[in-house]
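Structural characterization, general
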Amino acid sequence: DAKRRSTNSFQYYTSKMRQKVLRYMELENILYQAIEKEWFQVYYQPRVDINSRKIVGMEALLRLPYQGTYISPAEFIPVAEETGLIFPIGKWVLETACKQNKKWQLAGYPPLRVSVNLSPNQFNQKNLLSQIEKTLIETGLTPCWLELEITEGAFMNKAEATLKTFSAIKKLGVHISIDDFGTGYSSLGFLKRFEIDCLKIDKTFVNEIAHYDKDSSIAKAIIRMGKSLNMAIVAEGVEKQEQLDFLRQHNCDQVQGYIYSPPLPSTDFELLLQRDFDLSCCL
Ligand code: C2E
Ligand code: MG
Ligand code: MG
Ligand code: MG
């Protein structure tokens, strides 16, 4: 009986593994097609000032429509990373977001900063700086209206190289934020040495912020520490009024979340801009 059970669990795991491998290969194939056939889209989610409730920026988020639905970036970004496809895809996102932001500025909307996610391999690529510079020149976007979001994983064990990359990015005039802050392994010493403009508190700390002491303590500590180091603090994944109230009470600067708006296609985001930036009517 024991033997039979172990055989079954062996088969169970191999079939699970096979499913994973098949899905990986399928995604790789879809990514190649998506690049060739230009399936990718960029959505924009507003960043909202917690006190004025005005839009102060937007995050560019990649979308992959496939067979009537969307494949989550959480699923396909790791495949893009491993296959190297993240380089052409990431370049396209950067160009698209800068071009769109410039377009909105030329249309007469007050200027906003667009933030673009950089995966670890993108952040560590050799030609990153020249790519950013070239994109800014070609799109005509002034550097201060671009922000790059980087996770702590991108600079693990790479303090010296990261320091150089960060200061080169800052020298261009581009802003830097640390995404999903608190979920990675960066030492707090990094915050002192790196030129970081903004910390984004990860959604996992925001979910139960109004009810779970440990999450609220961590969030409060991030806000206090970040602000005393002159960084702006953004809370991610804010869905409920009680979360917003807590964050406002503890001096968080900005929020991003479904409570104001999900990520939207550019045409729908522009409708938000037309409403005079004021999202208080959403509540
Ligand atoms: P992220 O950069 O931390 O982005 C925030 C994620 O939270 C987005 O998921 C956004 O849609 C979602 N979100 C925002 N507000 C709420 C909310 O109130 N509730 C909930 N449940 N979710 C909310 P998304 O778009 O699925 O992206 C997932 C991750 O994929 C991103 O996390 C980012 O790490 C990565 N990603 C997305 N676009 C790109 C890209 O262009 N390049 C790279 N390298 N990574 C990207
Ligand atoms: Mg992000
Ligand atoms: Mg995040
Ligand atoms: Mg994330």
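Just so we're clear, the structure is a prediction, and the values are computed from it rather than from any experiment. (Residues numbered from 1 in each chain as written. Chains lettered and ligands numbered in written order. Predicted model: local features only at pLDDT ≥ 70, side-chain atom pairs only at ≥ 80, totals over all residues. Heavy atoms only, no water.)

Notes on the coordination of the magnesium ion (ligand 2)
In this structure, Glu59 (OE), Asn117 (OD1), Glu149 (OE) and Asp179 (OD) serve as the protein donors to the magnesium ion (ligand 2), at separations of 2.0 to 2.2 Å. Of note, the magnesium ion (ligand 2) draws all its donor residues from one chain, in the sequence arrangement E-x57-N-x31-E-x29-D. Between the magnesium ion (ligand 2) and the magnesium ion (ligand 3) the interatomic distance comes to 4.1 Å, and Asp179 is a ligand of both metals. With a gap of 30 residues between them, Glu149 in strand E5 (residues 146-151) and Asp179 in strand E6 (residues 175-181) connect regions that are remote in the sequence. (Donors = N, O, S within 2.8 Å, 3.2 Å for Na, K, Ca; no water. Helix = DSSP H or I, 4+ residues; strand = E, 2+ residues; numbered from the N terminus.)

Focus on the site of ligand 1
Taken together, 22 residues surround ligand 1, and among them Arg63, Asn117, Asp179, Glu239 and Tyr258 come closest. Between ligand 1 and the protein, one listed contact pairs an oxygen atom with a side-chain N or O atom of Asp179 at 2.8 Å. Glu236 places a side-chain nitrogen or oxygen 3.3 Å from an oxygen atom of ligand 1. A total of 810 Å² of accessible area belongs to ligand 1 in isolation, and the protein chains cover 81% of it. Breaking the shell around ligand 1 down by element, the ones donating at least two residues are strand E2 (55-66), helix H2 (73-83) and E6. (Near = heavy atom within 4 Å. Polar contact = N/O pair within 3.5 Å; in protein donor to acceptor, adjacent residues only side chain to side chain. Areas by Shrake-Rupley, 256 points an atom, 1.4 Å probe, with all protein chains shown as cover.)

Quick notes on the coordination of the magnesium ion (ligand 3)
Only Asp179 (OD), Asp180 (OD), Glu236 (OE) and Glu236 (OE) from the protein coordinate the magnesium ion (ligand 3), and they sit 2.0 to 2.4 Å from it. Donor residues binding the magnesium ion (ligand 3) come from one chain and are separated in sequence as D-D-x55-E. Given the relative accessible area of 6%, Asp179 is considered buried. Relative accessible area serves as the criterion here: at 23%, Asp180 is assigned to the partly exposed category. (Buried < 20%, exposed > 50% of the residue type's maximum accessible area, 1.4 Å probe, protein only.)

A closer look at the side chain of Gln100
Mapped onto the elements, Gln100 comes out in helix H3 (residues 86-106). Judged by relative accessible area, Gln100 falls into the buried class, the value being 12%. Once residues lying within four places of it in the same chain are set aside, the contact partners of Gln100 are Tyr44 and Ser266. (Contact = heavy atoms within 4.5 Å.)

Some words on the nonpolar core
Residues Leu146 and Leu148 are the most contacted members of the largest nonpolar core, which totals 76 residues. With seven residues, the single largest contributor to this core is H3. Sequence-distant contacts of Leu146, that is, excluding residues within four places in its chain, are made with Leu94, Cys98, Arg113, Val114, Val116, Ile132, Leu136, Leu141, Val174 and His175. (Core = buried A, V, L, I, M, F, W, Y, C linked by side-chain atoms within 4.5 Å.)

A short note on the pairing of strand E8 (residues 232-236)
Within E8, four of the five residues are buried, which leaves it mostly tucked inside the rest of the structure. In this structure, strand E7 (residues 198-201) lies alongside E8, joined through four bridges in parallel fashion. By the bridge assignment, Leu199 is partnered in E8 with Ile233. Relative to strand E9 (residues 254-256), E8 is paired through three bridges, and the arrangement is parallel. Directly across from Glu236, in E9, lies its bridge partner Gln256. Chirality of the crossover, the property in question, places the unit of E8, helix H10 (residues 241-249) and E9 among those that are right-handed. (Pairing = 2+ DSSP bridges. Right-handed = clockwise from strand over helix to strand, strands pointing away.)

What about H3?
With 21 residues, H3 should cover 30 Å at 1.5 Å per step; its first-to-last C-alpha distance of 30 Å lies within 8% of that length. Taken together, the buried positions of H3 are occupied by Ile86, Ile89, Gly90, Val93, Leu94, Ala97, Cys98, Gln100, Asn101, Trp104 and Gln105. An end-on view of H3 places all buried positions within 165 degrees of arc, on one side of the element. For H3, exposure combined with an orientation more than 90 degrees from the buried face picks out Lys99, Lys103 and Leu106. At the C-terminal side of H3, Gly108 shows a positive phi close to 105 degrees. (Expected span 1.5 Å × (residues − 1). Arc of directions from axis to C-beta.)

Overview of unusual backbone geometry
One non-glycine residue, Glu38, adopts positive backbone phi at about 55 degrees. Position of Glu38 among the secondary structure elements: in the loop between helix H1 (2-37) and strand E1 (41-49). According to the relative accessible area criterion, Glu38 is exposed, its value standing at 69%. Phi at Asn230 takes a positive value of approximately 70 degrees, unusual for a residue other than glycine. On the secondary structure map, Asn230 appears in the loop between helix H9 (213-228) and E8.

Here's the deal with the confidence of the model for the protein
Mean pLDDT over the protein stands at 92; residues scoring 70 or higher make up 93%. The ipTM, which scores confidence in the relative placement of chains, is 0.98 for this predicted complex, and the corresponding pTM is 0.93. (pLDDT = per-residue confidence, 0-100.)

Re the pairing of E7
Of the two faces of E7, the one holding Cys198 and Lys200 and the one holding Leu199 and Ile201 are both buried throughout. The pairing of E6 with E7 spans three bridges and is parallel. The residue of E7 that forms the bridge with Ile178 is Leu199. Viewed along the sheet, the connection from E6 through helix H7 (residues 188-193) into E7 turns out right-handed.

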